[in-house]
Amino acid sequence: MGSESGRFKRGEQSRISQWLRRRKPAAEDPAREREALLLAVAAAGLPLAPAAHPAGYRCSCERIGCPTPARHPLSFAWQTQSTTDRAQIERWARNQPQANFITATGMLHDVLDVPLEAGRDALQRLLAAGISVGPVAESGVGGPAGQARMLFFTATRGTPEDEDEWWPCELDCHPETMDEHPGLRWHCRGSYVLVPPAALPGDLSVSWLRGMEHPLPDPLTLLETLTDACALYAGNADHDPAASVAWPLSR
C-alpha cells in the first residue's frame, strides 16, 4: 500500500511539474499573454475587432494627421466584423501581432469613460461604499497631463426592438463626437473602446486595473458617483492652467 501511495504521489508531482513547465513559457511570452487576455474578453461575451497600432508617434494607418492614432478599427465595417468567435480572434491575433483590438459597445456591454483622476477618485468611493464595480481599464497613464482616461465596463442599457423605447442620453458618445464629451463619455450603441492590452503612441498603453473576472454591473449604479467625480475634476481644472489643456480623443 505504501509503495502504491508513493508511486501515486510521484506521478501526481510529475504531472504538476509538467503543467507548470507548460504554463511558464505562456506567462513569459507577450504574444501568448496578449492572446489569452483577448480571448478572456471574448469569452465574457464582448465582441472584438482588430484596430490600428502605433508606428512610432504616428498611426499604422499612415493617414496624415490621423485624429485618433492607434485608437480606431482597421475596417469601416467594424460593427459587423466584431465577433466573440475564438478561432477568428486567434487568427487575427496571430496574423496581426502588433494590432490593437476594439470592442463594439451597446451589444452586451457599455463603457463609462472618464478622466483618469476623476475615475480613480470615483473608484475609491465606489469600493468604499461596497458598490459592485466591474472590469476597469486605464488608458494613457503617464502621458501628457489631462490625457489619461479610466474605462468602467458595465452591462448595456439594451437594444429594444422598438426604437421608440430607446432611452437616449446626453452622455452617449460615438467615435465622431468624442470631442463633444470632455468629461464623462457613455459608449453604447455605435461606439467602441480599445481593450487591453493595447499600445498607444509615446510608449503608452491601455491595461486592466480590474479584469474580466468581475461581473458587469448596471451602469446606473456607477453613474452618480462618476458624474460627481467628473464635476469635481472639471472644477479643479478650471483653476489649474496646466490641467486646462485641450481634451484628446483617447479611448
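Residues numbered from 1 in each chain as written. Predicted model: local features only at pLDDT ≥ 70, side-chain atom pairs only at ≥ 80, totals over all residues. Heavy atoms only, no water.

Here the residue pair Pro196 and Pro197 is connected by a cis peptide bond, since its omega of -5 degrees sits within 30 degrees of zero. Considering the arrangement of structural elements, one finds Pro197 in the loop between strand S10 (192-195) and strand S11 (198-200). Here Glu62, not a glycine, exhibits a phi torsion of approximately 65 degrees, which is positive. Along the chain, Glu62 turns up in the loop between strand S3 (58-59) and helix H3 (78-81). Residue classification places Glu62 among the exposed residues on the basis of a relative accessible area of 67%. The backbone of Asp203 shows a phi angle near 60 degrees, a positive value even though the residue is not glycine. Among the secondary structure elements, Asp203 is positioned in the loop between S11 and strand S12 (204-210). (Helix = DSSP H or I, 4+ residues; strand = E, 2+ residues; numbered from the N terminus. Buried < 20%, exposed > 50% of the residue type's maximum accessible area, 1.4 Å probe, protein only.)

Going through the model one piece at a time under the given rule, you end up with three aromatic pairs. Both rings, one in Trp78 and one in Tyr192, keep their centres 4.8 Å apart while their planes meet at 75 degrees; by these two values the pair is edge-to-face. One end of the pair, Trp78, is in helix H3; the other, Tyr192, is in strand S10, and 114 residues separate them in sequence. Under the relative-accessibility criterion, Trp78 is labelled buried at 10%. Consider the rings of Phe153 and Trp208, whose centres lie 5.1 Å apart with planes at 55 degrees: the pair is tilted. In this pair, Phe153 is assigned in strand S7 (residues 149-155) and Trp208 in strand S12, connecting sequence segments 55 residues apart. (Phe/Tyr/Trp six-rings, centres within 6.5 Å; stacked < 30°, edge-to-face > 60°.)

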